[in-house]
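Analysis of the macromolecular model
One letter stands for each residue in the lines below.
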Amino acid sequence: MRIISVRDAAGLSRMAADIVASLVSERPDAVLGLPTGDTPLGLYSELAKRERAGAAGFSRVMAFAVDEFYGVLQGAPGTNAAYFAARVTLGVKELHQFRSDAPDPDAECRRFAALLLSHGPLDLVILGIGANGHIAFNEPGSPFDSRTRPVKLSAVTRRAHSRAFGGIALVPRTGLTIGVADILEARRALLLASGRRKAQVLARALRGPITTDVPASALQLHPDLTVVADRAAAAMLDDPEG
Ligand code: PGA
């Protein structure tokens, strides 16, 4: 595991963009797993800036959104599809997303898993970490051999998205996500963490026991994990660069 501690969220975005851009320059047809959330917003705008400047190109990149809410109209406010449409302007070749209004969530996961299998494994999976240690929508308790599937979203996760959906009651109870095993199979993993409120969970994930109680702790098993954390998020790692 490589931990890169940077000063602040802006530094995190630049460092993460360096890592993604260098992978894509080495492998222009890379297959990427992309997260949503506040943490990667700066990364997406930094990559878009480099793309506009001609310093990075994504036209052969295949992207997979790592998760989505289920049981709402496709692209409704609060969904990851809405996030990608508004915040991720990269000109990738294809962006595969779960359909949040698919008639059958299991069938939708089978469709997505088959696509992932035909293009995968992911060359790079980029992840945020939830306050409860989730990665993608793998909530606490998710088995490490889990695959793409529908999941019950935790109260913590639903609360975190309450504003985007216009109230907790409107946040879907089900998510669709790639599994922990899909994440562990990615050739490289990049975990991003920013801010004080992530310090404790990041320390549990990286320095604590490997347990399904903290799904991100599974990343300790990944052979090529890079963590980029700003100072506030890295504050509880005893030796941030270790
Ligand atoms: P955040 O979400 O980046 O908005 O903190 C992280 C996550 O839940 O994965």
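Bear in mind that the values here come from a model prediction, so they are computed numbers and not experimental data.

**Some remarks on helix H4 (residues 105-119)**
Across its 15 residues, H4 extends 21 Å between first and last C-alpha, which sits within 8% of the 21 Å expected from 1.5 Å per residue. All of the buried residues along H4 are Pro 105, Glu 108, Cys 109, Phe 112, Leu 115 and Leu 116. The buried residues of H4 all sit within an arc of 125 degrees when viewed along its axis, so they share a single face. Pointing more than 90 degrees away from the buried face of H4 are the exposed residues Arg 110, Leu 117 and Ser 118.

**Quick notes on unusual backbone geometry**
Following Gly 120, the chain continues to Pro 121 via a peptide bond in cis, the omega torsion being 0 degrees. Tracing the chain through its elements places Pro 121 in the loop between H4 and strand S6 (124-127). Positive phi, close to 50 degrees, is recorded for Ala 136, a residue that is not glycine. Along the polypeptide, Ala 136 turns up in the loop between S6 and strand S7 (149-152).

**Digging into the site of the ligand**
Contacts to the ligand come from Gly 37, Asp 38, Thr 39, Gly 128, Ile 129, Gly 130, His 134, Arg 197 and Lys 198. A distance of 2.8 Å separates an oxygen atom of the ligand from a polar backbone atom of Asp 38. Lys 198 has a polar side-chain atom sitting 2.5 Å from an oxygen atom of the ligand. Relative to its unbound accessible surface of 280 Å², the ligand loses 81% to contact with the protein. Placement of the ligand is best described as lying within the largest pocket. The residue makeup of the shell around the ligand, split by class, is 1 nonpolar, 5 polar and 3 charged.

**A closer look at the sheet that holds strand S2 (residues 31-34)**
Strand order in the open sheet made by the 7 strands is S1-S10-S9-S6-S2-S3-S5, with parallel pairing throughout. The open sheet terminates on both sides in strands that have one partner only, identified here as strand S1 (2-6) and strand S5 (94-96). The mean angle between the axes of side-by-side strands here comes to 15 degrees, regardless of whether they run parallel or antiparallel. Examined bridge by bridge, S2 and strand S3 (residues 62-65) share 4 bridges and lie parallel to one another. Among the inter-strand pairings, Leu 32 is bridged to a residue of S3, identified as Ala 63. Running over the sheet, H4 touches S2, S3 and S5 and is turned about 145 degrees from S3.

**Some points on the layout of surface pockets**
Once rolled over the atoms, a probe with the size of a water molecule shows which space is left empty. Considered as a void within the structure, the largest pocket measures approximately 750 Å³ in volume. Lining the largest pocket are 33 residues; nearest its centre among them are Thr 36, Gly 37, Asp 38, Ala 160 and His 161. When contributions to the lining of the largest pocket are tallied by element, the ones reaching two or more residues are strand S4 (67-70), helix H3 (80-87), helix H5 (155-160) and helix H6 (162-165). For the lining of the largest pocket, the element with the highest residue contribution is H3, accounting for 4 residues. Looking at the second largest pocket, the residues that line it are Ala 113, Leu 116, Leu 117, Gly 120, Pro 121, Leu 122, Arg 147, Thr 148, Asp 182 and Glu 185. Elements supplying a minimum of two residues to the lining of the second largest pocket: H4 and helix H7 (180-185). For the lining of the second largest pocket, the element with the highest residue contribution is H4, accounting for 3 residues. Within the lining of the second largest pocket, the residues separate by chemical class into 5 nonpolar, 2 polar and 3 charged.

What counts and what doesn't
- Residues numbered from 1 in each chain as written.
- Predicted model: local features only at pLDDT ≥ 70, side-chain atom pairs only at ≥ 80, totals over all residues.
- Heavy atoms only, no water.
- Helix = DSSP H or I, 4+ residues; strand = E, 2+ residues; numbered from the N terminus.
- Expected span 1.5 Å × (residues − 1).
- Buried < 20%, exposed > 50% of the residue type's maximum accessible area, 1.4 Å probe, protein only.
- Arc of directions from axis to C-beta.
- Near = heavy atom within 4 Å.
- Polar contact = N/O pair within 3.5 Å; in protein donor to acceptor, adjacent residues only side chain to side chain.
- Areas by Shrake-Rupley, 256 points an atom, 1.4 Å probe, with all protein chains shown as cover.
- 1 Å grid on protein atoms, 1.4 Å probe; cavity = no way out; pocket = protein on both sides within 12 Å on 5 of 7 lines; lining within 4 Å.
- Sits in = over half its atoms within 2 Å of the grid points.
- Nonpolar A, V, L, I, M, F, W, Y, C, P; charged D, E, K, R; others polar.
- Pairing = 2+ DSSP bridges.
- Axes fitted to C-alpha atoms, helices over the stretch in contact; angles between N-to-C directions.
- Contact = heavy atoms within 4.5 Å.
- Points joined across faces, edges and corners; volume = space filled by probe spheres on them.

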